[in-house]
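# Per-entry structural report
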Amino acid sequence: MNRYSIINHKNPREIVLLRGSGCRWHRCTFCDYHADSSPDAAANFALNRTVLEQITGLYGRLEVINSGSFVDLDERTVDLLVEVCRRCAIHTMHIECHWMHRDALASFRERFEAVGTQVIFKIGVETFDIDYRERILRKGIGKASAAEIAAAGFGEVNLLCGLAGQTAASMIVDIETGLAHFSRVCVNLMVENTTPIKPDPEAVQAFLTEVVPRYKDDPRVDILVENTDFGVGE
Ligand code: SF4
C-alpha cells in the first residue's frame, strides 16, 4: 500500500494516506474503504509516523486522507501532524470529514492555525441531488444544500460520477454547483468494488466523453478515473 505521493499538476501538493480507527458513519452504500482501519491506536500511530516522516513541505501544501474523517485519527497522529505542518512550513492542509463531525471543525482548525497552517475541510457529498444522495447513496447529510454545507465550514467537495441514472447534464450540474459554492471539486469515477452499487456503462461513457474533456484543464477540478490516481492506495 503506497501511503505517500506528490501531485505535481493541478494544485501541486504532497498527499498522505493515514490509518485511523475507521469511519464512524460507515453507511454509504457505494463504499468499501473500511478495511484500511484499526482499533489499535498505537499501531495506527506507528504506521502514520512512518508516512508523516516522508513529508518535506515541497509545495507548502498537504492533503491528508484516511478512509474516513480526521476525527478517526489517534491523538498522537494529530499532534505529529501539527508538528510536521509547523516544521515543513505547510501553509495549507486539505483533510476530509463527514457531515456528522461538523461541530469538530472549528477546534481542529484552530490547532493548525496556531502553527500557520490553514485547514480546508473536504466533504464527500457525491451529488447535490439530495434524494439520490440520501436515499440511494445514504450519505448522512440530511437535507443540507450546497450553501448550507459550505456555511458549516467545508471548503471542498468530492463528487461521484458514473452512477445509474446520472447523465452528462446531471454530472455537469453537480460540478458547477460544487464550483459555485466551494473552492475545489474532486470528481471520482465510480469503479467496481464489493458493494451492490455498480458503475453504470452509459453514465461512465457520458462522463468520459462529455464531462472529462470539459473539466480536465480546470485548475479547480481534480478528476480521478481510478481510485489510485493521486498515487496513494492500492
Ligand atoms: S463517509 Fe466516506 S468512508 Fe465513511 S462510509 Fe461514507 S464514503 Fe465510506
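Residues numbered from 1 in each chain as written. Predicted model: local features only at pLDDT ≥ 70, side-chain atom pairs only at ≥ 80, totals over all residues. Heavy atoms only, no water.

### Digging into unusual backbone geometry
- Of note in this structure, Ser67 is not a glycine but carries a positive phi near 50°.
- Tracing the chain through its elements places Ser67 in the loop between β3 (61-65) and α2 (75-87).
- A positive phi angle is found at Arg138, which is not glycine, with a value near 50°.
- Structurally, Arg138 can be placed in the loop between α4 (130-136) and α5 (146-151). (Helix = DSSP H or I, 4+ residues; strand = E, 2+ residues; numbered from the N terminus.)

### As for the pattern of salt bridges
- The final tally for this structure, using the stated rule, is 15 salt bridges.
- In this structure, Arg111 engages Glu75 in a salt bridge whose closest nitrogen and oxygen atoms are separated by 2.9 Å. Remark: Glu75 occurs in helix α2 and Arg111 occurs in helix α3 (residues 105-113); sequence separation between them is 36 residues.
- A relative accessible area of 31% places Arg111 in the partly exposed class.
- Across the pair Glu192 and Lys198 runs a salt bridge, and its minimum N-O distance is 3.3 Å. (Salt bridge = Lys/Arg side-chain N within 4 Å of Asp/Glu carboxyl O. Buried < 20%, exposed > 50% of the residue type's maximum accessible area, 1.4 Å probe, protein only.)

### Examining the environment of Tyr33
- Positionally, Tyr33 belongs in the loop between β2 (13-17) and α1 (41-52).
- Sequence separation of Tyr33 and Cys23 is 10 residues, and the distance between their C-alpha atoms is 8.9 Å.

### Side note on the environment of Arg184
- Along the chain, Arg184 falls in strand β7 (residues 184-189).
- In this structure, the C-alpha to C-alpha distance between Arg184 and Ala41, residues 143 residues apart in sequence, is 32 Å.
- Ignoring anything within four residues of it in the chain, the contact list for Arg184 reads Lys10, Asn11, His94, Gly155, Glu156, Val157, Pro219, Arg220, Val221 and Asp222.
- Within the structure, the side chain of Arg184 is placed 2.7 Å from the backbone oxygen of Pro219, a separation counted as a polar contact.
- Of note is the side chain of Arg184, whose polar atom sits 3.1 Å from the side chain of Asp222. (Contact = heavy atoms within 4.5 Å. Polar contact = N/O pair within 3.5 Å; in protein donor to acceptor, adjacent residues only side chain to side chain.)

### Some remarks on helix α7 (residues 201-215)
- Along its 15 residues, α7 runs 20 Å from first to last C-alpha, staying within 8% of the 21 Å computed at 1.5 Å per residue.
- If you look at α7, its biggest bend is around 35°, right at Phe207.
- Looking only at α7, the buried set comprises Ala203, Val204, Ala206, Phe207, Val211, Val212 and Tyr215.
- In this fold, the buried residues of α7 make contact with β6 (154-161), α6 (168-181), β7 and β8 (221-224). (Expected span 1.5 Å × (residues − 1). Bend = angle between axes of the 7 residues up to and from the residue.)

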